[in-house]
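One letter stands for each residue in the lines below.
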Amino acid sequence: DFKTRKQTSFKMAYDQTHLYVAVRCDEPDIGKIKGTKQDNANIWQEDSIEFLIVPGGEDVIRQYMVNPNGARFTLSRSARTGQWGKGTPPGQWQAASHRGDRFWSTELAIPWKALGKTPQDGDEWRANCCRNIHTLDSGGDTLTAWSPMR
């Protein structure tokens, strides 16, 4: 079993129109976190989370990223060919972040129409939640994921 020094937890919920993802990132160095406030910047190179999802029956990985300032970035990638493409434009999904005492958190609201489909009974969707940690004064791992990445 592997346990990182800076824990990350997430929850998902949904309704008829959206998928919701809430992520909490333990961070003893919360006052030292820096980052852009601009959407579509390279936020994977700073403290951020990445939520990856593959709708049932598809081979396109949709990747949603948010930093502690609420800046957003998305990509898509073919699971078959590995070719990268544009993700969901920021105007079509929402995210908000919060800095607390020794943690930061973010919430995402992704419309089903942005994912191209709504789950049906029997569908198998795949998802992963990853964290990029670049504030390392108190230690920790730079990259963590809920499920091992291949």
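Please read these numbers as outputs of a predicted model, since none were measured by experiment. (Residues numbered from 1 in each chain as written. Predicted model: local features only at pLDDT ≥ 70, side-chain atom pairs only at ≥ 80, totals over all residues. Heavy atoms only, no water.)

(A) Structural detail: the sheet that holds strand β2 (residues 18-26). Taken in spatial order, the 4 strands line up as β1-β2-β8-β7 in an open sheet, and their pairing is antiparallel. Because the sheet does not close on itself, it has two edges, and the strands there are β1 (8-14) and β7 (94-100). For this sheet, the mean inter-axis angle between neighbouring strands, taken without regard to orientation, is 10°. (Pairing = 2+ DSSP bridges. Helix = DSSP H or I, 4+ residues; strand = E, 2+ residues; numbered from the N terminus. Axes fitted to C-alpha atoms, helices over the stretch in contact; angles between N-to-C directions.)

(B) Just the environment of Ser 78, in detail. Positionally, Ser 78 belongs in strand β5 (residues 72-78). Judged by its relative accessible area of 13%, Ser 78 falls in the buried class. When near neighbours in sequence (up to four residues on either side) are disregarded, Ser 78 contacts Asp 59 and Gln 83. Among the polar contacts made by the side chain of Ser 78, one reaches the main-chain amide nitrogen of Arg 80 at a distance of 3.2 Å. A polar atom in the side chain of Ser 78 sits 3.1 Å from the backbone nitrogen of Thr 81. (Buried < 20%, exposed > 50% of the residue type's maximum accessible area, 1.4 Å probe, protein only. Contact = heavy atoms within 4.5 Å. Polar contact = N/O pair within 3.5 Å; in protein donor to acceptor, adjacent residues only side chain to side chain.)

(C) Representation of the nonpolar core. Formed by 20 residues in total, the largest nonpolar core has its most connected members in Tyr 64, Leu 108, Ile 110 and Leu 115. When residues of this core are traced back to their parent elements, those giving at least two are β2, β3 (48-54), β4 (60-66), β8 (103-111) and α1 (112-115). Ranked by residue count, the leading element in this core is β2, at 4 residues. Beyond its immediate chain neighbours, meaning those up to four positions away, Leu 115 contacts Leu 19, Ile 53, Pro 55, Glu 58, Arg 62, Tyr 64, Ile 110 and Trp 125. Membership of the second largest hydrophobic core comes to 5 residues, among which are Ala 41, Ile 43, Ala 71 and Phe 73. (Core = buried A, V, L, I, M, F, W, Y, C linked by side-chain atoms within 4.5 Å.)

(D) Region of interest: the pattern of salt bridges. Under the criterion given, the structure shown has 8 salt bridges. Residue Glu 27 pairs with Arg 131 through a salt bridge whose shortest N-O separation is 3.3 Å. Of this pair, Glu 27 sits in the loop between β2 and β3 while Arg 131 sits in strand β9 (residues 126-132), and the two are 104 residues apart along the sequence. Considered together, Glu 27 and Arg 131 belong to a single accessibility category, that of buried residues. Arg 72 is the salt-bridge partner of Asp 39, the closest N and O atoms lying 2.8 Å from each other. Here the residue Asp 39 occupies a position in the loop between β2 and β3, and Arg 72 occupies one in strand β5, the gap between them amounting to 33 residues. In this structure Asp 39 comes out as partly exposed when scored by relative accessible area, which is 25%. Among the residues examined, Arg 72 registers a relative accessible area of 13% and is labelled buried. (Salt bridge = Lys/Arg side-chain N within 4 Å of Asp/Glu carboxyl O.)

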